[in-house]
Amino acid sequence: MAKSRFNVGYNASRKQREKAWENSGRTFKPAKRRWESPDELRAMSYPGYLKSQYWRENRYQFLKAASFRCQKCRAKDVELHVHHKTYEHRGCEWMFPKDVIVFCKECHKKEHGQ
Ligand SMILES: [Zn+2]
Ligand SMILES: [Zn+2]
């Protein structure tokens with residue numbers, strides 16, 4: 001079982017995950033709605049996944065951690081996207097923050113070769 005630096009298992013319950021996140025010193029308000037389980041998230045279509053409670057909260061945390069700036073060109077006050085370098089840990093990105101990077105719309109386009 002993969003362990004994150006927060007020392008919770010890959011399939012930890014939402015309660016355990018929230019606790020771990022709180023203990024990690026990040027500001028995190030427990031959701032009113034529960035996070036979908038990793039299995040549920042993996043079974044979702046990509047558009048469905050983007051709308052999940054889990055991803056909406058995690059996306060916000062990643063943007064916040066990047067101080068709402070593009071991590072490549074440092075632009076701020078622009079449209080920001082959270083790009084996945086890998087989908088290996090879809091549903092568990094909060095345990096693998098290096099899997100994602102915050103890009104502005106332009107850097108994101110370039111990253112995808114458009
Ligand atoms: Zn940029
Ligand atoms: Zn992307």
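Reference entry: report on the structure contained in this document. None of the values given here were measured: they were computed from a predicted structure.

## Let's talk about the overall build of the protein
Counting its secondary structure elements, the protein contains five helices and two strands. Helices and strands in the protein line up, N terminus first, as α-α-α-α-β-β-α. Taken across its 114 residues, the protein has 19% of its residues classed as buried. Within the protein, contacts between residues at least 6 apart in sequence are counted, and of these 41% link residues at least 24 apart.

## Some thoughts on unusual backbone geometry
Phi is positive for Ser-67, close to 55 degrees, though the residue is something other than glycine. Note that Ser-67 resides in the loop between helix H4 (53-65) and strand E1 (80-84). With 10 C-beta atoms packed within 10 Å, Ser-67 lands in the exposed category.

## Digging into the environment of Ala-65
Within the element layout of this structure, Ala-65 appears in helix H4. Of the residues examined, Ala-65 has 13 C-beta atoms within 10 Å and is grouped as partly exposed. Once the C-alpha coordinates of Ala-65 and Val-102 are considered, the two residues, 37 residues apart in sequence, prove to be 9.4 Å apart.

Quick notes on the rules
Residues numbered from 1 in each chain as written. Chains lettered and ligands numbered in written order. Predicted model: local features only at pLDDT ≥ 70, side-chain atom pairs only at ≥ 80, totals over all residues. Helix = DSSP H or I, 4+ residues; strand = E, 2+ residues; numbered from the N terminus. Buried ≥ 20, exposed ≤ 12 C-beta atoms within 10 Å, placed from the backbone. Contact = placed C-beta atoms within 7 Å.

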